[in-house]
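# Observations on the three-dimensional arrangement
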Amino acid sequence: MSDGLQAIAPGETLRAAINLGNRALAREENGELGGVTPALAKRLAAEIGKPVEFVVYDGAGKTFKDAGKDRWDVGFLAIDPERAKTVSFTRPYKEIIATYAVRDDSPIQSIEEADRPGIKIVVGTGSAYDLYLTKALEHAELIRIADPGESFARFRQGDGDLVGGVLQSLQKAFPEGSGVRILPGRITTVRQAMMLPYHDADRIAALDAFVECAIADGFVAAND
């Protein structure tokens, strides 16, 4: 194990930030955390030789907001140029789809039809698709809600014309028969990576090598 990897967790535990707002990566089941991000955190802690301590969030924006506040040692977020000004990312270990959901009676049938004057799109604040749409939309208006779960709840209550989200999270929140349908296609493809809450060339290189190994030996695919 490299000195850079050991230096990631200077305390007694490896504090891993886990975002439960993205079911494609992490979820809580029967009081236990499952998914690829908790699995990667456990593997990293084992390689470092320290117990893992999960720091749980319900949205990417909240996770990122705590970077630099000494609340976690390693995290998992979508790669974004604005975020990269503050944090450092490894190579992506997974790519996921972000798309929209609309009510069954909505005339909107495609992703492209969403960007029109008067259309309001509900998103989780600071999510990868929020960051992307902030730059990409020309006509529609974003309604930013604290986290993905709350954004889905607000959409159910009647806010907005569409709601953005990770495909798996939308499928969980709005199953068939719920009065909401998921649009085909994608807003964007989100590249998920491990990250450190600061810039350090040696440590991020060591963490990137860890991710490379976890992909190559099938660990990521096995815990998907």
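Report follows, based on the coordinates. (Residues numbered from 1 in each chain as written. Predicted model: local features only at pLDDT ≥ 70, side-chain atom pairs only at ≥ 80, totals over all residues. Heavy atoms only, no water.)

## Examining the overall build of the chain
The helix and strand inventory of the chain stands at eight helices and 11 strands. Here the C-alpha radius of gyration of the chain, 18 Å, is about what a compact globule of 224 residues would show, namely 17 Å. Here the C-alpha coordinates of the chain stretch approximately 55 × 35 × 30 Å along the principal axes. Evaluated residue by residue, the chain yields a buried proportion of 50% over its 224 residues. For the chain, long-range pairs separated by at least 24 residues make up 70% of all intrachain contacts whose partners lie at least 6 apart in sequence. Carbon together with sulfur atoms contributes 48% to the accessible area of the chain, which is approximately 10300 Å² in total. Counting 26 positive and 33 negative side-chain charges, the chain places the centres of these two groups 2 Å from one another. (Helix = DSSP H or I, 4+ residues; strand = E, 2+ residues; numbered from the N terminus. Rg over C-alpha atoms; globule rule 2.2 N^0.38 Å. Buried < 20%, exposed > 50% of the residue type's maximum accessible area, 1.4 Å probe, protein only. Contact = heavy atoms within 4.5 Å. Areas by Shrake-Rupley, 256 points an atom, 1.4 Å probe, with all protein chains shown as cover. Lys, Arg positive; Asp, Glu negative; His and termini not counted. Charge placed at Lys NZ, Arg CZ, Asp CG, Glu CD.)

## A short note on the pairing of strand 8 (residues 141-145)
Here strand 7 (residues 120-124) runs beside strand 8; their pairing, made up of five bridges, is parallel. Residue pairing in the sheet places Val122 in a bridge with Ile143 of strand 8. Handedness of the strand 7-helix 4 (residues 128-136)-strand 8 crossover: right-handed. (Pairing = 2+ DSSP bridges. Right-handed = clockwise from strand over helix to strand, strands pointing away.)

## Let's talk about helix 4
For helix 4, the set of buried residues is Tyr129, Asp130 and Leu133. Within helix 4, the buried residues cover an arc of 100° as seen down the axis, which keeps them to one side. As for helix 4, its buried residues are in contact with strand 6 (88-103), strand 7, strand 8, helix 5 (148-156) and strand 9 (162-166). (Arc of directions from axis to C-beta.)

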